[in-house]
Every structure is written in structure tokens, then in C-alpha cells.
Amino acid sequence: MGGFINNAINNEIASDILNYIFLKVQHCFELMIQDCLKLCVKIDNNENRIRDYLFSKYLNNDEIMRKIDFDNFRFFAEVPENYSNNIPLGRTDLQVISIDDFRHRNRYFIIECKRLDGGATLNRKYIDDGIRRFVGEDPKYSSYYKTNGMIGFLVKTIDIDKNVEKINNLLKKDYTDITTKEYLCKETHSGIYISTHGLKNTDIKLKHVFLDCALIVR
């Protein structure tokens, strides 16, 4: 991901690359669902447990990465992020680095994972402990490419579009302190949603994917 003088071009390329990453993550998730159902595996209804299973067996598996032609990126889990006085302000669920940019320590995407079940409690956590970490005056997470991502693990099978509408309504009514310039809307036919939020001196785009794991959680 070599840089260009025009930041708009950089941002557009970054957006396309994150879409590509999410398509591959979705592929890995589909493999995970198939394998868990085949082997009668159940995962604890906990976002870290679901993320760790996806990470350890698929996203951090060289054989799987080669199989799906996705070995040009590296995933890292629970990475300390954005230090203040030598203390990290947060820990990212997933950090994604292109091997082309591996020598640049600040060039990476962040993907935050949260559970969703269609209810208000988890929808609020999706905003408070997810979206909010990327935005505001002092975000917990950095955003080199001005584009990062979120995964909603659906622990109940729900209507995704209706739940996206609920999240948007919360953002409009109860989270006016979060500057939202474009509310979540479907970007592509592949099920990727996008929202735009204000930072101190710029905007950040968040890509959202919602993955149904209701059949494999206990």
C-alpha cells in the first residue's frame, strides 16, 4: 500500500482494501460455521471466545490463508493501542497489516468485534464499546487510513437491516455527542455496511459486517 500525494486516492484505496479484507474474513467465518456444525462444536456466548476461535483456527492459520488466497495480510489479536504515559488506551480485537507495509509500524487496520442479539443492551455496547473507540476528540484507537472496521457477531438470528435501523436510531437520539455524518447503510451486495463519523480534524469511515453465529454459540 504505497502512498500517493492525493489523500482522497489513498482513502479510496484503503476503503477498497478493507472491503477485500472483510470478504476474506466472511469466507473464513463461513468455513468456521461449517466446521463447527460438522464437528458439533459449540463456542461460549462471549465476544472474545468467538473472536479467538475465528482468529486462532482461521485468520492466524497459514494453511487456511493459502487456501483462500489471503496470505498477503497478517492478523493480530488483543494488540495494545494508542499509548498515553506508557499505558495503552485500549486493546484492539483484531489488527490487520499488509505484508507490503509490515515495516511501517503505524500502517494497519483495526477491527473491533461485538456481540449483537437485536436488543437495546448489546446495540448500545456496539456503540459505546465499539464505534466510540474510533471517534471523538480523543479516540482510543488510531486510524492511519481513516478507515477501520467492526464485526457484529449475531448470537441470535435477527433481521440485520432492522437492527441496523435500531443502531442508527440510537445514534440519532441518544448519542448526539458522537458526530455521525453518514449513518450505517449497506455499501455493497456483499453485506458490508458503512458509516462516517467526525474526528477532531477529519472524518473516519467505519465498515461493518454482521456474522450470524447463532447456531454455534451456547
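Above this text you will find the structure in question.
A brief report on the enclosed structure follows. (Residues numbered from 1 in each chain as written. Predicted model: local features only at pLDDT ≥ 70, side-chain atom pairs only at ≥ 80, totals over all residues. Heavy atoms only, no water.)

1. Brief notes about the packing of aromatic side chains
The condition that has to hold: In this analysis, rings of Phe, Tyr and Trp, with Trp reduced to its six-membered ring, are considered paired at centre separations within 6.5 Å, and the interplanar angle assigns stacked below 30 degrees, edge-to-face beyond 60, and tilted for intermediate values. A run of DSSP states H or I qualifies as a helix once it reaches four residues; a run of E qualifies as a strand once it reaches two. Both are numbered from the N-terminal end. For every residue, the accessible area (1.4 Å probe, protein chains only) is compared with the maximum for its type, and the residue is labelled buried under 20%, exposed over 50%, or partly exposed between those bounds. In this scheme, Lys NZ or Arg CZ marks a charge over a ring once it lies within 6 Å of the ring centre and within 35 degrees of the ring normal.
Scanning all chains against the criterion turns up 10 aromatic pairs. The interplanar angle of 35 degrees and the centroid separation of 6.0 Å between the aromatic rings of Y126 and F210 together place this pair among those described as tilted. Placement of the pair is Y126 in helix α4 (residues 120-128) and F210 in strand β7 (residues 203-212), with a sequence separation of 84 residues. For the residue pair Y126 and F210, the accessibility class agrees, reading buried in each case. By the ring-pair criterion, three or more aromatic residues cluster together here, those being Y20, F70, F73 and F75. The ring centre of Y53 lies 5.4 Å from the NZ or CZ of K57, which sits over that ring. Over the ring of Y183 we find K172; its NZ or CZ atom is 5.1 Å from the centre of that ring.

2. Description of helix α5 (residues 160-173)
One turn of an α-helix holds 3.6 residues; hence residues three or four places apart share an orientation. Put simply, the test is: Each residue after the first adds 1.5 Å to the expected span of a helix. This arc corresponds to the set of directions leading from the helix axis out to the C-beta atoms. In what follows, residue pairs with any heavy atoms lying within 4.5 Å of each other are defined as contacts. Here a polar contact is recorded for every N or O atom pair within 3.5 Å, except that within protein the pair must consist of a potential hydrogen donor and a potential acceptor, and residues adjacent in sequence are included only if both atoms are side-chain atoms.
Over its 14 residues, α5 runs 20 Å from end to end, which matches the ideal 20 Å to within 8%, given 1.5 Å per residue. Buried within α5 we find N163, V164, I167, N168, L170 and L171. Seen end-on, α5 carries its buried residues on one side only, within an arc spanning 155 degrees. Facing away from the buried side of α5 by more than 90 degrees, the exposed set consists of K162 and K173. Each element contacted by the buried residues of α5 is listed here: β3 (109-116), α4, β5 (180-186), β6 (193-198) and β7. At the N-terminal boundary of α5, the capping side chain belongs to D159, with an oxygen 3.1 Å from the backbone nitrogen of D161.

3. Observations concerning the side chain of T180
Secondary-structure assignment places T180 in strand β5. A polar contact of 3.2 Å, which involves the side chain of T180, links it to the side chain of H197.

4. A look at the nonpolar core
Which entries qualify depends on this criterion: Within this scheme, the nonpolar core is defined by two criteria: the residues are buried Ala, Val, Leu, Ile, Met, Phe, Trp, Tyr or Cys, and they are joined through side-chain atoms within 4.5 Å.
In terms of nonpolar packing, the biggest core is built from 40 residues, with I21, M32, L54, L59, I151, F153 and C213 touching the most fellow members. Within the residue set of this core, elements represented by two or more residues are α1 (7-39), α2 (47-59), α3 (62-67), β1 (73-84), β2 (87-98), β3, β4 (147-154) and β7. Per element, the largest residue contribution to this core is 12 residues, and it comes from α1. F153 has contacts with F29, E47, I50, R51, L54, C113, K114, R115, L116, L211 and C213, leaving out every residue within four places of it along the chain. Counting residues in each nonpolar core, the second largest holds 25 residues, with L116, I131, V135 and Y175 among its members.

5. Details of the pattern of salt bridges
For clarity, the threshold we go by: Should a side-chain nitrogen of Lys or Arg be within 4 Å of a carboxyl oxygen of Asp or Glu, the pair is scored as a salt bridge.
By the definition in use, this model includes 13 salt bridges. Here R51 and E78 are joined by a salt bridge, their closest N and O atoms 2.8 Å apart. Pair noted here: R51 is in helix α2 and E78 is in strand β1, with a separation of 27 residues, a long-range link. Given the relative accessible area of 3%, R51 is considered buried. Accessibility expressed as a relative area gives 31% for E78, which makes it partly exposed. When the shortest N-O distance is used, the salt bridge between R51 and D93 registers 2.7 Å. In this pair, R51 is assigned in helix α2 and D93 in strand β2, connecting sequence segments 42 residues apart.

6. Looking at the pairing of β6
Rule in force here: Two strands make a pair as long as DSSP finds a minimum of two bridges between them.
Summarising burial for β6: six of the six residues are buried, a large majority. Across six bridges, β6 lies against β7 in antiparallel orientation. Bridge assignment links S195 to a residue of β7, and that residue is L206. Between the antiparallel neighbours β6 and β7 lie four residues.

Geometric values such as these leave the question of function open.
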